[in-house]
Every structure is written in C-alpha cells, then in structure tokens.
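Observations on the three-dimensional arrangement
Given next are the chains, with one letter for each unit.
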2 protein chains.
Amino acid sequence: MANVRNTIPEKTVERLSEYRRTLLSCHRQGITHIFSHVLAGIHGITAVQVRRDLMLIGFSSDTKKGYDVKVLIEFINDILDSRNTMNIGVIGMGHLGQAITRYFNGRGLKLRITVAFDIDPAKVDHTIDDIPCYHMDRFEEVVANNDVSIVIVSSPTAVASHLVVPIINAGIKGVLNFTSAPLNFPQGIVVENYDITTILEKVAYFVKEGEDCEEGAGN
Amino acid sequence: MANVRNTIPEKTVERLSEYRRTLLSCHRQGITHIFSHVLAGIHGITAVQVRRDLMLIGFSSDTKKGYDVKVLIEFINDILDSRNTMNIGVIGMGHLGQAITRYFNGRGLKLRITVAFDIDPAKVDHTIDDIPCYHMDRFEEVVANNDVSIVIVSSPTAVASHLVVPIINAGIKGVLNFTSAPLNFPQGIVVENYDITTILEKVAYFVKEGEDCEEGAGN
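All values reported here derive from a predicted model rather than from experimental measurement.

Calculation criteria
- Each residue is numbered by its place in its chain's sequence as written, counting from 1.
- Chains and ligands are labelled sequentially in the order written, the chains with letters from A and the ligands with numbers from 1.
- Local features are withheld for residues below a pLDDT of 70 in this predicted model, meaning they are given only at 70 or higher, and side-chain atom pairs are given and counted only at 80 or more; totals for whole chains, interfaces and linings count all residues.
- The side-chain values count all of the structure's non-hydrogen atoms but skip hydrogen atoms and water molecules.
- Only residues with pLDDT of at least 70 in both copies count here: their C-alpha atoms drive the least-squares fit that superposes the copies.
- We call two residues contacting when some pair of their heavy atoms lies within 4.5 Å.
- Strands here mean DSSP runs of E at least two residues long; helices mean DSSP runs of H or I at least four residues long; both are numbered from the N terminus.
- We define a polar contact as two N or O atoms separated by no more than 3.5 Å, with the added condition that, inside protein, one atom must be a possible hydrogen donor and the other a possible acceptor, whereas residues neighbouring each other in sequence contribute only through side-chain atom pairs.
- Should DSSP find at least two bridges between two strands, the strands are taken to pair.
- With axes taken as lines fitted to C-alpha atoms, and helix axes fitted only over the stretch in contact, angles between N-to-C directions fall between 0 and 180 degrees.
- Relative accessible area decides the class of each residue, using a 1.4 Å probe on protein chains only: under 20% of the type maximum gives buried, over 50% gives exposed, and in between gives partly exposed.
- In this description, buried area is defined as the sum, over both parts, of the accessible area (probe of 1.4 Å) that is lost when the two are combined.
- Between Lys or Arg on one side and Asp or Glu on the other, a salt bridge is scored when a side-chain nitrogen of the former is within 4 Å of a carboxyl oxygen of the latter.
- Under the scheme applied here, ten amino acids are nonpolar (Ala, Val, Leu, Ile, Met, Phe, Trp, Tyr, Cys and Pro), four are charged (Asp, Glu, Lys and Arg), and all others, including Gly, are polar.
- For each structure, a 1 Å grid was placed over the protein atoms alone; sets of points admitting a 1.4 Å probe that cannot get out are labelled cavities, open sets with protein on both sides within 12 Å along at least five of seven lines are labelled pockets, and lining residues have an atom within 4 Å of a point.
- Grid points are joined across faces, edges and corners, and a volume is the space filled by probe spheres set on the points.

**Focus on the relation of the copies chain A and chain B**
- Of the transformation superimposing chain A on chain B, the axial component is 0.0 Å and the angular component is 180°, with the fit at an RMSD of 0.0 Å. Such a combination of rotation and displacement between the chain copies is what one expects of a two-fold axis.
- Most of the interface of chain A is mirrored in chain B, where 99% of its interface residues again form contacts.

Listed below in structure tokens is the structure:
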C-alpha cells in the first residue's frame, strides 16, 4: 500500500487528539482564544512543541490573541476525523470492555462503539450499556452487517491469539489490543498493543530510578 | 534532582517489560533459549531493535543457541524491579478501576495494588476483589500507613484535577492517569497520562489514512 500523502507522525496525532479535547473544554467554557504556551502548560510540554505540531498540519495563528479555539478545533477535526462515523466493536465485555464502552460512548466523537462480542451466555444476545452483544461465532457476519472497521480487544489474554484470523477474515482495518499478548497483523491493518502492565512497570521503573538517585545523592 | 545514573530510554523500558512477559511465558512452556529474531517477531519489531535494547542494558548472548530465557528474565528483573514490592493505590473503583485491579493483581509482579479509594458509600469501607476501599478523605493517612508509592487515577475526568494536591501532599512518587484530563505534577513525581480516547483516535486516523490511500490509488 503506497502512501500517497504526508502522513503525520504518530506522536503528533496523539497530541492533536489531546489538544482537541482541551480546546473543546475551553470552547464549552466560553474561551475563544488560547496562546500556545497556555495549551502547552496544560499538556506539560513546551510551546515550541505545540507550534511545531500545528505548523505540521498547516495551521497558523493570530499571535496577538493566540489561537482561535473554534477554528483550531475545526482544523483538527478535518485532519483526524473521517467523513463518516467509524463503527467500533468490542471483543470481550468483562469489566474492561464495559469500562471502555461507557467511557467512550456519548462523547460526540466520530467514533462509536456499536457492537460487542463475548462467549458468556449471560452476555450473548443481551444489550449491555445500549450495545448489543453477540456470540464470537457470529463475528464475521455482525462486522459486515454493522460496517465495523475497528475492534477493541479486551478479552482474556489467553484467547487473544485465537482472534487474529477472525479479525483478518472479517476485513477489520484497525485493532486496539488491551491484552498482554502482542498481536501481529499483515500490513494494511493498523494495530496498537496497549498493555496496562507495561505502562505501570514503566512508571515504577522511573519512580525507582528517582529514589535511587536521591539515595545516591545522600538524601 | 540530578540524575546520577544512565537512565534507560522510556521506549526501551516499555519493550523490556514486554520482552519479560514473553520470556516468562516461554519459561512456563519449558523453552530454555530464544533467538533475537524470534523475540522480535512476537513483538512485531526487528531483531536489530531487540539486540540494541539488550546491549543497552549490558546483556550479551550465546548466539548459537540464542538468549538463555531464565538468565535474561533475571537480568531484566534486576533492571526493572525495585528491591521491595511497590504498593499501588487505585483512585476510583468504578468499572475501570476494578478491571485494572483484577487484571493486574495475582501476576506475581513486584508491583501490587493494595488499597483503593472512592467516595461512593456502597464501596467505601468495603473490600473489592480483596482490596480494601477507603474514602478519599482518608487518602493521606491510608497512603502513609500502607507505604503506597504509586497511584492509578481511574476516577471520573471531572474530578481528576482535584486529586493533584492530595497526591502531592501524600508524597506519591508515580501517577498513572487514565482520565481525559492531563495532570501535571512538580518534578520528582513521575506521571503517565494514558487516555484511551487518544489511542483510539490514533488508530482511527491511521485507518482513515490507509483508506484514503487506497482510494487515491484507484482501488
């Protein structure tokens, strides 16, 4: 798949998503303009980084009053959002799957969790938080009928590897994997492995390093 | 806080955590050695990257049989783990807090969720998944008595900003924030803002880019 456009770097995409959430919150509070250093401060980064990200997407600002909040929101919308709402399926409606669904829906985004999958008879063919839950056996059919393009994998880690083939066969284009099993897909399927243990171990490592430094400095 | 040691880059720390989980799984299956390209394949990266990460921590391998799984696990343990178990508190025991607690505990790590906080009377002073849940009013006292050094913030986004001062006052050293409100702390407190919406919007962006490319190519 040749890339015919200048794709924005991953980290910039993440920050654009974060800026937009802050801008939407400003907009709701009636704030019309924001300076790059204020936006930077909220996100714990430098104003140079904010300006570089916005330059990368071709946005320039009125420097006297700062960025126009509403215009910048629409500019980021054009970059990040697809023309139509993208439908998302959740595989595994345990605590994590339900937490994600509640957290994510009703936020007025161009992404919506529309179907769920499980194998637990107590969940299959029921509605959970307004989302119909189907048996995994019907995955391919339900994905096709509901025009699902992204799945969130919140199943037990032990079954995650068995989901790869169904996901490929169903024509899914993007996977957000919360299990501890890294999943690999052929080119053309976007995958983000997002293991909570990794992030927690990272935080713990840097906490430990900080403590070791303090001890080393004789505090 | 001067850094007196060579701290390992964030991304390498993440990968070491991921390698270790794979190595532990190999070890449980009785696999004694693993080649760098096999480890790389499981994680969807190059063998060069694996070798570079392990070189960075000073680990060298018997190239004929690959890395010794058990020795490498112990080597990574020495790098990532603190000498004593680190105690973690969860702020907000809704679906997400409970999902994280269940997911994380009982994994035999040097990190353990030992206390939880909420303000819901149905949860406060009860035990949830074997974790005692306290009222947020008692945060500072409970953190001190239980030697908690890291907190996971899984509260509603609207209250997240009110948690910053209590977290600083209690002497917490590391924060893993799952809410949509970016939290900033003074130097010396490690913070990881980990918003699910951002990651999902990132996946959606790259899915959209892929589709646009296909259309552009006339498919």
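Anyway, onward from the coordinates.
**Topic: the side chain of A:Ser154**
Residue and element names in this part refer to chain A.
- Among the structural elements, serine 154 can be located in the loop between strand 7 (148-153) and helix 7 (157-160).
- In this structure the side chain of serine 154 is engaged in a polar contact, spanning 2.7 Å, whose partner is the backbone oxygen of glycine 92.
- In contact with serine 154, not counting residues within four places along its chain, are Val90, Ile91, Gly92, Leu96 and Gly97.

**A word on the sheet that holds strand 9 (residues 190-193) of chain A**
All names here are of chain A.
- Taken together, seven strands build an open sheet; the order of strands is 5-6-4-3-7-8-9 and the sheet is mixed. On the outer flanks of this sheet lie strand 5 (127-128) and strand 9, each paired with one strand and no other.
- Strand direction decides the pairing type here: strand 3 (residues 86-91) and strand 4 (residues 111-118), joined by six bridges, are parallel. Within the sheet, the bridge partner assigned to asparagine 87 lies in strand 4 and is arginine 112.
- Those strands touched by helix 5 (residues 95-104) are strand 3, strand 4, strand 5, strand 6 (131-135) and strand 7, and its axis lies near 160° from that of strand 4.

**Some remarks on the pairing of strand 6 of chain A**
All names here are of chain A.
- Two elements, strand 4 and strand 6, share three bridges in a ladder whose sense is parallel. Bridge assignment links alanine 116 to a residue of strand 6, and that residue is cysteine 133.
- Bridging between strand 5 and strand 6 involves two bridges; their strand directions are antiparallel. Among the inter-strand pairings, isoleucine 128 is bridged to a residue of strand 6, identified as isoleucine 131.

**Brief notes about unusual backbone geometry**
All names here are of chain A.
- Residue aspartate 130 is not a glycine yet carries a positive backbone phi of 70°.
- Relative to the assigned elements, aspartate 130 resides in the loop between strand 5 and strand 6.
- Given the relative accessible area of 73%, aspartate 130 is considered exposed.
- Even without glycine at this site, aspartate 147 takes up a positive phi of about 50°.
- Here aspartate 147 lies in the loop between helix 6 (139-145) and strand 7.

**With respect to the sheet that holds strand 4 (residues 111-118) of chain B**
- Across the sheet, seven strands lie side by side as 5-6-4-3-7-8-9 (chain B); this open sheet has mixed pairing. Two strands bound the open sheet, and with one partner strand each, they are strand 5 (127-128) and strand 9 (190-193) of chain B.

**What to know about the pairing of strand 9 of chain A**
Residues and elements named next belong to chain A.
- Residues Val190 and Glu192 line the buried face of strand 9, whereas the alternating positions Val191 and Asn193 sit on a face that is not buried.
- Strand direction decides the pairing type here: strand 8 (residues 174-177) and strand 9, joined by four bridges, are parallel. Across the sheet, valine 175 pairs through a bridge with valine 191, a residue of strand 9.

**Side note on the interface of chain A and chain B**
- The interface of chain A with chain B comprises 74 residues on the first partner and 73 residues on the second.
- Contact between chain A and chain B buries roughly 7,000 Å² in total, counting both sides, with carbon and sulfur atoms accounting for 64%.
- Inspection of the chain A/chain B interface yields 10 salt bridges.
- Counting residues per element, the side of chain A that touches chain B draws most heavily on helix 9 (residues 196-216) of chain A, at 20 residues.
- The residue inventory of the side of chain A that touches chain B, partitioned by class, reads 35 nonpolar, 17 polar and 22 charged.

**Description of empty space enclosed by the protein**
- Across all of its chains, the model carries three cavities of 30 Å³ or more by this definition.
- The volume enclosed by the largest cavity comes to roughly 90 Å³.
- A:Glu201, A:Ala204, A:Tyr205, B:Arg20, B:Leu80, B:Asp81, B:Ser82, B:Met86, B:Leu109, B:Lys110 and B:Leu111 are the residues that line the largest cavity.
- Per-element accounting of the lining of the largest cavity gives the leading share, three residues, to helix 9 of chain A.
- The volume enclosed by the second largest cavity comes to roughly 70 Å³.
- The wall of the second largest cavity is formed by A:Arg20, A:Leu80, A:Asp81, A:Ser82, A:Met86, A:Lys110, A:Leu111, B:Glu201 and B:Ala204.
- The residue inventory of the lining of the second largest cavity, partitioned by class, reads four nonpolar, one polar and four charged.

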